[in-house]
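Results of the structural survey
One-letter residues, chain by chain:
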Amino acid sequence: SIYTIRSCKDHSRYFLEFLGKDVYCYNITEKTLEDYIVYLQDIRKITNGVTINSYIRNISPILKYAMKKGYILDEFMIPQVKEQEVIKEIYTQEELKTLLEKPKKRDFVEIRTWAVLWTLASTGVRARELRELKVKNIDLLNRTIIVNKTKNKKARYLPISSSLADVLEEYLDVRGQAGDIEDYLFCTVYNSKLAMSSLQVAVKKYCNSRGIEKTSLHLFRHTFITNAVNKNVSPLVLKRITGHTTLKELNRYYNAKTVDL
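Residues numbered from 1 in each chain as written. Predicted model: local features only at pLDDT ≥ 70, side-chain atom pairs only at ≥ 80, totals over all residues. Heavy atoms only, no water.

The subject of this paragraph is the pairing of strand β2 (residues 144–147). Across 2 bridges, strand β1 (residues 138–139) lies against β2 in antiparallel orientation. Note on β2: the bridge partner recorded for Ile138 is Ile145. As consecutive antiparallel partners, β1 and β2 are separated by 4 residues, and within that stretch Arg143 has a phi angle of approximately 55°, a positive value. Inspection of the sheet shows β2 paired to strand β3 (residues 156–159) by 4 bridges, in the antiparallel sense. What sits directly across from Val147, in β3, is Arg156. (Pairing = 2+ DSSP bridges. Helix = DSSP H or I, 4+ residues; strand = E, 2+ residues; numbered from the N terminus.)

Written as structure tokens, this is what we have:
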């Protein structure tokens, strides 16, 4: 994706700055990467293990390609920093009930944000994928959402519950212009693609107006996966719905604290 390419370019530039002009490709070793990690920690003052690993992960495809082509003489394992696992507090059932309650005013932005939260909470779709959805991707008759633009380039179907179907029907009625199937589903008031920053601001404002301090878009994905596991949804089915490549990755999204869920 364009976001991955942008990150790879930025992180490659940082690595080249660390290497300097006197280091050639064939001189790069595992020790070079270990020194780079120290450089990020001591010089750039990056102490978060997740951030450091993202720096390393975004240059690893280039290094592996160089090893494959023989530009780097000796193959080696790409080192990683051991991360401190942090449990994310997902949206509780009470918070979801508050957020998913139908708005009293029939304002486009309010209804759109309400429909967005319903979609995120009911399908676990990524926010960037949600922004790419078009009217034609919604099949209310067969109760499915077709996600064509995904993180891993693999299209997938998302099931639409009867409750979500009712919400989307009402949203499309308020939205208007639903006859043009090429229009973006969750659009701006000018019927253009919704920017990520605008989506984040709208959700934050909406959540705060209802007394909810949590405003993370991605947290709805964690919440959806946790609730699905608690309802005994098959991990294989859940992996297909969420678009995760492995069960290990899916497991990272599960919050085991289920006392109040």
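Having put the structure on the table, let's press on.
A word on the pattern of salt bridges. Enumeration over the complete set of coordinates arrives at 13 salt bridges. When the shortest N-O distance is used, the salt bridge between Arg126 and Glu129 registers 2.7 Å. No difference in accessibility class separates Arg126 from Glu129, as the two residues are buried. Residue Glu129 pairs with Arg156 through a salt bridge whose shortest N-O separation is 2.7 Å. Placement of the pair is Glu129 in helix α6 (residues 127–132) and Arg156 in strand β3, with a sequence separation of 27 residues. Linked through salt bridges whose partners overlap, the residues forming this network are Lys102, Arg106, Glu170 and Asp173. (Salt bridge = Lys/Arg side-chain N within 4 Å of Asp/Glu carboxyl O. Buried < 20%, exposed > 50% of the residue type's maximum accessible area, 1.4 Å probe, protein only.)

This part covers the packing of helix α1 (residues 2–19) against helix α2 (residues 30–42). One can describe the packing of α1 onto α2 by two numbers: an axis separation of 11 Å at closest approach and a directional angle of 100°. Here α2 runs roughly perpendicular to α1, going by the angle between their axes. Every residue of α2 that contacts α1 at His11, Tyr14, Phe15, Phe18 and Leu19 is listed here: Thr32, Leu33, Asp35, Tyr36 and Tyr39. The class makeup of the residues in the contact of α1 with α2 is 7 nonpolar, 2 polar and 1 charged. (Axes fitted to C-alpha atoms, helices over the stretch in contact; angles between N-to-C directions. Parallel < 35°, antiparallel > 145°, perpendicular 65-115°, else oblique. Contact = heavy atoms within 4.5 Å. Nonpolar A, V, L, I, M, F, W, Y, C, P; charged D, E, K, R; others polar.)

Moving on to the side chain of Arg156. Residue Arg156 is classed as buried on the basis of its relative accessible area, which comes to 5%. Reaching out from Arg156, the side chain makes a polar contact with the side chain of Glu129 at a distance of 2.7 Å. Only 3.4 Å separates the side chain of Arg156 from the backbone oxygen of Thr242, close enough to count as a polar contact. With near-sequence residues (within four places) excluded, Arg156 lies in contact with Val125, Arg126, Glu129, Ile145, Ile146, Val147, Thr150, Arg221, Arg240, Ile241, Thr242 and Gly243. (Polar contact = N/O pair within 3.5 Å; in protein donor to acceptor, adjacent residues only side chain to side chain.)

This part takes up the packing of α1 against helix α3 (residues 49–69). For the pair α1 and α3, the least separation of the axes is 9 Å and the interaxial angle reads 90°. As the angle between them shows, α1 and α3 are arranged roughly perpendicular. Contact residues: Ser7, Cys8, His11, Ser12, Tyr14 and Phe15 in α1; Ser54, Tyr55, Asn58, Ile59, Ile62 and Leu63 in α3. Of the residues in the contact of α1 with α3, the class split is 7 nonpolar, 5 polar and no charged.

In this structure, the largest pocket encloses a volume near 2200 Å³. Lining the largest pocket are 47 residues; nearest its centre among them are Lys151, His218, Glu249, Arg252 and Tyr253. Elements that contribute at least two residues to the lining of the largest pocket include exactly α1, α3, α6, α8 (196–209), α9 (219–230) and α11 (247–251). Looking at the lining of the largest pocket, the element that brings in the most residues is α3, giving 6 residues. (1 Å grid on protein atoms, 1.4 Å probe; cavity = no way out; pocket = protein on both sides within 12 Å on 5 of 7 lines; lining within 4 Å. Points joined across faces, edges and corners; volume = space filled by probe spheres on them.)

Read these as geometric descriptors, not functional statements.
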